[in-house]
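One-letter residues, chain by chain:
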Amino acid sequence: MQSERKYERYHFVELIFIFAGLSSGMAFSFYMMKVWPASLNAVEKARELGIVSITILTNYPKQVEVAYYLLFLTFTFLMGFLFWTIYRYIITKGNWTESDDHSFNESRSFPRWLYLVSALIALYLVYYASFFSTYWISEWYLLGEQGENLAWARRLMNGGVLYRDSFCLYGPLMQYPLAFLMDILGPSLYTARLYAWITYALSAVIIATVPFAVIKRPLNAAMLALMMLAFYFPVKLSVNATPLRIYLGILSLYLIFMYYDKKDLKLLLLAGLVSGFTFAYSQENGLAVLMTVSFFFFMACVVRRDLLRLKEAGLFIIGFGVAVSPFVVYFSANDALIPFLKTLYVYPRYVMLGYAAVPAPDIIARITAYLAGELPLAKLAFPTAFVLPPIAYALSLLFIVIELLKGRMKSRDLFFFMIAIYGVITFRSALGRSDGFHLLQVWGPAFFSFAYLSLLPFREGKRPQRIKATIFFIITFTIPLLIVLGSFNAKPFKQMFAVNLLDFSQKFSPKVPARFKEVKSPETEGIYMPPGAARTTRELLDFKKKLKLADRVYVFGNTPYFYFMLDKLNPVRYDYPYWAVTTAMQQEIVDGLADKARPDYILYKLDRIDMIDGVEPHMQVPLIYRFIKENYRRDSRFNYKGFTVYRPKRGRFEAN
């Protein structure tokens, strides 16, 4: 008993040293961010290319945030490790030894039949609470975010090839299955949301099963699963916004962990297959998985002091190749492979130079303003949610390394190690555009890292003190959940429980507020829209009746939904004109509009929905704006409120 108390006392002092080091590293990192002179080279390079964004217009070097991020991770980890080393080799001086039993204190295995129950509950939550509850979707989200996928599907259904005929930033598994479903069920918003629901359902299965398979403490596993379910619902109803982008990667890493735990080579083949599907669904997350697995294999070689057997690497590569080779072959045969590969390195480069960028939230400035009484407490939620994932990754990596050096590393620590590395890499997308939408995508790995931290008290000593461990567990989970939900997901989260889940008498038809309207057409039947979107849709259907079959239509603005509703193909590759990031890309659009395929009509929605962060079109895409102004005039015969119709001026078309 005296030996155990001595061990607990030493362990408490050890934790104090570790957190003192972590705090010192964070403080030093934030200090360096303040005094480090920011170079404007990236801003100048972006201007030379013709890239426009809020950060570029205000001389904010967005690229420096990546350096700050790496600085934060590096110094936080190193200072924590340094203080632990000081404690380990100087303070204790080797006068104490750890308890003989440091096994991971696990309860009995989770009953297998509850895996199925958890999956069914997750599917029910997704279907019941979100699939038909469309009324909270914003007008921009329908016309823009969901509209782009509808426009791409329409082009594919008409024989187009993704990337060759459309500038698309997302993976082929987002678009081709959607077009396939529309070929079978018909082109409609309902079909598009059905596919979005399928991706959410697959995400829910991963969310409901992986925690219980990795974490043998049911309470911790259930808390992790519930947090992730609450975080990602209600559904955003657009396939590119679904959490499957991040959770397919997590499933890949789980299969790698299962291989090292069970030594079944088939699991490596399956892990490669799922990694390939991750890449085909979301290129950036697929690359993050490949980088994570490569780093993990390398570290496994270092720790085991032997070379990775070729059979292990070969099986993973074979699985990956089986998943991606059909797309590679198809794109190669249809002149789309090079445009596809360009999305992997060209567009991310433009984003890091500042395209569509907003400054990352300054947590120190927000805290200072709050302490001075200049800012309400609620304004701290989003910047706190932004800095929590890097903190979770640095903490979990540090404790995993410490467990390794102590010789106490368990097989499941390998999974959490991979998750932290995966999270570190995927957080880059939140640094590209630091808004709630992109932060939402990268929080999945952070939840697992917080779960790992919540388990730490349960692995110390033969009989951990339950009260202390439970308090630590609740704090570790509850604080991140409240902060994140308070930052950008609180309203729909409240609606889900207050409107849908608590009134079971509604069954599968939740109440829809009277102001949300259903537009009667084959494409929109059964979907309730915000008033502005409903009015625009009705006007589009009226305009469609007046079009001739051969008429060409170009949509100038963030409303690719127009192409889907009009059943017209964009005469150029960019369904979002603002994706013509550089001057050269804008010139490509202008040349396309000025040749034989010039549009008979140009539609423009005249409100702020057509602006990225409020930047006016004449500043965002000046070449396209100037071309339309010089060659088109407003057609007064169409007095629509949802959009304006332009017709060609008399005379010769001139490109800029």
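Calculation criteria
- Residues numbered from 1 in each chain as written.
- Predicted model: local features only at pLDDT ≥ 70, side-chain atom pairs only at ≥ 80, totals over all residues.
- Heavy atoms only, no water.
- Helix = DSSP H or I, 4+ residues; strand = E, 2+ residues; numbered from the N terminus.
- Buried < 20%, exposed > 50% of the residue type's maximum accessible area, 1.4 Å probe, protein only.
- Contact = heavy atoms within 4.5 Å.
- Areas by Shrake-Rupley, 256 points an atom, 1.4 Å probe, with all protein chains shown as cover.
- Patch = residues over 30% accessible without salt bridge, like charges linked within 9 Å, V, L, I, M, F, W, Y side chains within 5 Å.
- Salt bridge = Lys/Arg side-chain N within 4 Å of Asp/Glu carboxyl O.
- Pairing = 2+ DSSP bridges.
- Axes fitted to C-alpha atoms, helices over the stretch in contact; angles between N-to-C directions.
- Lys, Arg positive; Asp, Glu negative; His and termini not counted.
- Charge placed at Lys NZ, Arg CZ, Asp CG, Glu CD.
- Expected span 1.5 Å × (residues − 1).
- Bend = angle between axes of the 7 residues up to and from the residue.
- pLDDT = per-residue confidence, 0-100.
- Arc of directions from axis to C-beta.
- Phe/Tyr/Trp six-rings, centres within 6.5 Å; stacked < 30°, edge-to-face > 60°.
- Parallel < 35°, antiparallel > 145°, perpendicular 65-115°, else oblique.
- Nonpolar A, V, L, I, M, F, W, Y, C, P; charged D, E, K, R; others polar.

For the protein chain, the count of helices and strands is 26 helices and 6 strands. For the protein chain, the proportion of its 656 residues judged to be buried stands at 56%. Considering only intrachain contacts with a sequence separation of at least 6, the fraction spanning at least 24 residues in the protein chain is 76%. A total accessible area of about 28500 Å² is found for the protein chain, and carbon and sulfur atoms account for 64% of it.

It is worth spelling out a nonpolar patch on the surface at this point. A surface patch of nonpolar side chains, amounting to about 400 Å² of accessible area, comprises Leu82, Ile86, Tyr89 and Ile90. Judged by relative accessible area, which is 40%, Leu82 ranks as partly exposed.

On to the sheet that holds strand E3 (residues 553–555), then. Spatially, 4 strands are ordered E3-E4-E6-E5 in an open sheet, and the strand pairing comes out mixed. Both outer strands of the open sheet, E3 and strand E5 (632–634), are each paired with one neighbouring strand and no more. Strand-to-strand twist in this sheet, taken as the mean axis angle between neighbours without regard to direction, amounts to 30 degrees. Here helix H26 (residues 622–631) sits on the sheet in contact with E3, strand E4 (601–604), E5 and strand E6 (644–648), set at roughly 70 degrees to E5.

Let us now look at a positive patch on the surface. On the surface, a cluster of positive charge is contributed by Lys517, Arg535, Arg538 and Lys641. Counting through the fold element by element, Lys641 comes out in the loop between E5 and E6.

This next bit is on the environment of Tyr254. If you trace the backbone, Tyr254 turns up in helix H10 (residues 244–262). Taking the C-alpha atoms as reference points, Tyr254 and Leu414, 160 residues apart in sequence, are found 9.5 Å from one another. Setting aside its immediate chain neighbours within four residues, Tyr254 contacts Val210, Ala213, Val214 and Phe415.

Helix length check: helix H14 (residues 337–353) (17 residues) gives 25 Å between terminal C-alpha atoms against 24 Å at 1.5 Å per residue, within 8%. Thr343 marks where H14 bends most, by close to 45 degrees. Every buried residue of H14 is accounted for by Phe340, Thr343, Tyr347, Tyr350, Val351, Met352 and Leu353. Backbone geometry just after H14 places Gly354 at a positive phi near 125 degrees.

Of all residues in the protein chain, 78% have pLDDT values of 70 or greater, and the mean over the chain is 80. Note that residues 99–108 has pLDDT below 50 and, in this model, 26 contacts with residues that lie over four places away or in other chains. Here residues 492–508 is modelled with pLDDT under 50, and outside its nearest four sequence neighbours on either side it reaches 37 contacts, counting other chains as well.

In this section: helix H2 (residues 41–49). Turning to H2, its buried residues are Ala42, Val43 and Ala46. Down the axis, H2 shows its buried residues gathered within 100 degrees of arc, on one side only. Facing away from the buried side of H2 by over 90 degrees, the exposed positions are Asn41 and Glu48. Structurally, H2 contributes buried residues whose contacts are with helix H3 (54–57) and H14. Just downstream of H2 lies Gly50, where phi reads positive at about 95 degrees.

So, about the packing of aromatic side chains. Within the structure shown, the criterion is met by 48 aromatic pairs. Relative to Phe296, the ring of Tyr260 has its centre 5.2 Å away and its plane inclined at 85 degrees; by these criteria the two rings are edge-to-face. Highlighted residues: Tyr260 in helix H10 and Phe296 in helix H12 (residues 283–304), separated in sequence by 36 residues. Under the relative-accessibility criterion, Tyr260 is labelled buried at 11%. Note on Phe296: relative accessible area 3%, which makes it buried.

Let us look at unusual backbone geometry. A positive phi angle, close to 55 degrees, is found at Asp335, a residue other than glycine. By the secondary structure assignment, Asp335 is in the loop between helix H13 (310–333) and H14. Of note, Asp567 is a non-glycine position whose phi angle comes to about 55 degrees, a positive value. Relative to the elements of secondary structure, Asp567 occurs in the loop between helix H23 (561–566) and helix H24 (583–594). Judged by its relative accessible area of 37%, Asp567 is partly exposed.

Let us look at the pattern of salt bridges. In this structure the tally under the stated criterion is 13 salt bridges. Across the pair Asp567 and Arg154 runs a salt bridge whose closest N-O atoms are separated by 3.3 Å. Of the two residues, Asp567 is situated in the loop between H23 and H24 and Arg154 in helix H6 (residues 139–157); the sequence distance between them amounts to 413 residues. When its relative accessible area of 6% is taken as the criterion, Arg154 is described as buried. Of the charged contacts in the structure, one is a salt bridge between Arg155 and Asp575, with a shortest N-O distance of 3.4 Å. Within this pair, whereas Arg155 is found in helix H6, its partner Asp575 is found in the loop between H23 and H24, the two being separated by 420 residues in sequence.

Here we come to the packing of H2 against H14. Two numbers describe how H2 lies on H14: the axes approach to 9 Å, and their chain directions differ by 125 degrees. Here H14 runs oblique to H2, going by the angle between their axes. Only Arg349, Tyr350 and Leu353 of H14 make contact with H2, whose side of the interface consists of Ala42, Lys45, Ala46 and Leu49. Counted by class, the contact of H2 with H14 contains 5 nonpolar, no polar and 2 charged residues.

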